[in-house]
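Residues per chain are reported as follows:
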Amino acid sequence: MATYTTEIASDKLISDNPIHQRLLKAYLAAKPWISGDLLEIGCGEGRGVDELLPLAKSYLGLDKIGEVISMLQSKYPGVDFRQAVIPPFDGFKEESFDTIVSFQVIEHIENDRLFLEEIYRMLRPGGKAVISTPNNTHTLSRNPWHVREYLPHELIQLASGIFDRVEAKGIGGNQKVWDYHEANRKSVQKIMRFDVLDLQHRLPAWVLRMPYEVLNRINRNRLHQQRGESVVTISHEDYPLVENPEKGLDLFYILWKKE
């Protein structure tokens, strides 16, 4: 039986639906930029494989979790999935891919500059990378699974020092989504009022992960109970791609390598 953490939002748990749909939207939004030989870094349980495969000449999915890779190899025979802990991307030659996608990964990477430099190295001239990551403007509490989160200008500054062009967009939300986000904010604040010593920012990440997991799951279940159908009915269509990254719950950037 699969065990789902709140960090890996599931399409099988109703309380995870708003997050699942938000993460799925990145794949759908990326479709206009998908072409040629495609690498996905951090494919997870394959949330977007069905969306990406038809658009690419070839597809390679990487993830650090061996059990996930084994599951995907069984589900998609003939599709290339490999286990890898990155960066660096050992064994991958320069200019190997036309498109690279990596959604909700860079916030977990200690050496984020090397991560982007390696993506640039693996792209062919004229290639592009599409990445997403939480917009720290709208983060409700510290996530101990994340090394860092970015404000829009911080990621623009980092990426602009490596790539030849950066298109900064965001995954936004309609009123239904922002109502859920506001209810989530209030619920998190009720929990965090007990953290009078601000331990979430003072303790090491590894100490916080278990209580974060338990409280986050309780919070999502509580929101499902309180908001009922609104949690169930949120879909990817409720998360528009917006031109201003400041208005995005997630940052969604297209990073270009010149011809």
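Quick caveat: nothing in here was measured; it's all calculated off a predicted structure.

Attention shifts here to the overall build of the protein. Broken down by element type, the protein carries nine helices and eight strands. Taking 18 Å as the expected radius of gyration for a compact globule of 259 residues, we find that the protein reaches 18 Å, a close match to that expectation. Viewed in the frame of its principal axes, the protein has a C-alpha envelope of about 50 × 40 × 35 Å. Within the protein, buried positions represent 49% of all 259 residues. Summarising the internal contacts of the protein: among those between residues at least 6 apart in sequence, 75% fall at separations of at least 24. Carbon and sulfur atoms provide 53% of the accessible area of the protein, an area that totals close to 12,800 Å². Computed over 32 positive and 36 negative side-chain charges, the inter-centroid distance for the protein is 3 Å.

Glancing now at the pairing of strand E8 (residues 250-256). The buried count for E8 comes to seven of seven residues, which makes it a mostly enclosed element. Where burial is concerned, the two faces of E8 agree: the one with Asp-250, Phe-252, Ile-254 and Trp-256 and the one with Leu-251, Tyr-253 and Leu-255 are both buried. Alignment of strand E5 (residues 123-134) against E8, held across seven bridges, turns out to be antiparallel. By the bridge assignment, Lys-128 is partnered in E8 with Trp-256.

On to the pattern of salt bridges, then. This model, assessed by the stated rule, comprises ten salt bridges. The shortest N-O distance in the salt bridge between Asp-250 and Arg-22 comes to 2.8 Å. With Asp-250 in strand E8 and Arg-22 in helix H1 (residues 17-30), this pair connects stretches of sequence that are 228 residues apart. For the pair Asp-250 and Arg-22, one class covers both residues: buried. Measuring nitrogen to oxygen at the nearest pair gives 3.1 Å for the salt bridge that ties Arg-165 to Glu-167. A relative accessible area of 43% places Arg-165 in the partly exposed class. A single network of salt bridges, built from pairs that share partners, joins Asp-37, Asp-98 and Arg-124.

A surface patch of nonpolar side chains, amounting to about 610 Å² of accessible area, comprises Val-196, Leu-197, Leu-199, Leu-203, Trp-206 and Val-207. In this fold, Val-207 is placed in helix H8 (residues 205-227).

Before going further, it helps to spend a moment on the packing of aromatic side chains. Inspection of the entire model under this criterion finds nine aromatic pairs. With centroids separated by 6.3 Å and ring planes inclined at 40°, the aromatic side chains of Phe-89 and Phe-115 adopt a geometry described as tilted. Linking Phe-89 in the loop between strand E3 (80-83) and strand E4 (97-103) with Phe-115 in helix H4 (residues 112-122), this pair joins segments that are 26 residues apart in sequence. Both residues of the pair, Phe-89 and Phe-115, belong to the buried class.

Here the focus is the sheet that holds E5. One open sheet accounts for eight strands, arranged E3-E2-E1-E4-E5-E8-E6-E7; its pairing is mixed. Edge positions in the sheet fall to E3 and strand E7 (241-242), since each of these pairs with one other strand and no more. Across seven bridges, strand E6 (residues 165-171) lies against E8 in antiparallel orientation. Its bridge partner being in E8, Val-166 is matched across the sheet by Leu-255. Sheet strands in contact with helix H3 (residues 66-75) are strand E2 (58-63) and E3, and its direction is about 165° off that of E3.

Summarising the element assignment, His-153 is placed in helix H5 (residues 152-160). Expressed as a C-alpha distance, the spacing of His-153 and Gln-83, which sit 70 residues apart in the sequence, is 32 Å.

This paragraph deals with the UniProt feature "domain: Methyltransferase type" (unreviewed entry) in the protein. When the UniProt feature table is mapped onto this chain, "domain: Methyltransferase type" (unreviewed entry) is found at residues 39-131. Within residues 39-131, the helical portion is 27% and the strand portion 31%, while the C-alpha atoms at the span's ends are 12 Å from each other.

Cut-offs used in this document
- Residues numbered from 1 in each chain as written.
- Predicted model: local features only at pLDDT ≥ 70, side-chain atom pairs only at ≥ 80, totals over all residues.
- Heavy atoms only, no water.
- Helix = DSSP H or I, 4+ residues; strand = E, 2+ residues; numbered from the N terminus.
- Rg over C-alpha atoms; globule rule 2.2 N^0.38 Å.
- Buried < 20%, exposed > 50% of the residue type's maximum accessible area, 1.4 Å probe, protein only.
- Contact = heavy atoms within 4.5 Å.
- Areas by Shrake-Rupley, 256 points an atom, 1.4 Å probe, with all protein chains shown as cover.
- Lys, Arg positive; Asp, Glu negative; His and termini not counted.
- Charge placed at Lys NZ, Arg CZ, Asp CG, Glu CD.
- Pairing = 2+ DSSP bridges.
- Salt bridge = Lys/Arg side-chain N within 4 Å of Asp/Glu carboxyl O.
- Patch = residues over 30% accessible without salt bridge, like charges linked within 9 Å, V, L, I, M, F, W, Y side chains within 5 Å.
- Phe/Tyr/Trp six-rings, centres within 6.5 Å; stacked < 30°, edge-to-face > 60°.
- Axes fitted to C-alpha atoms, helices over the stretch in contact; angles between N-to-C directions.
- UniProt positions renumbered as here; feature names shortened; annotations may be inferred.

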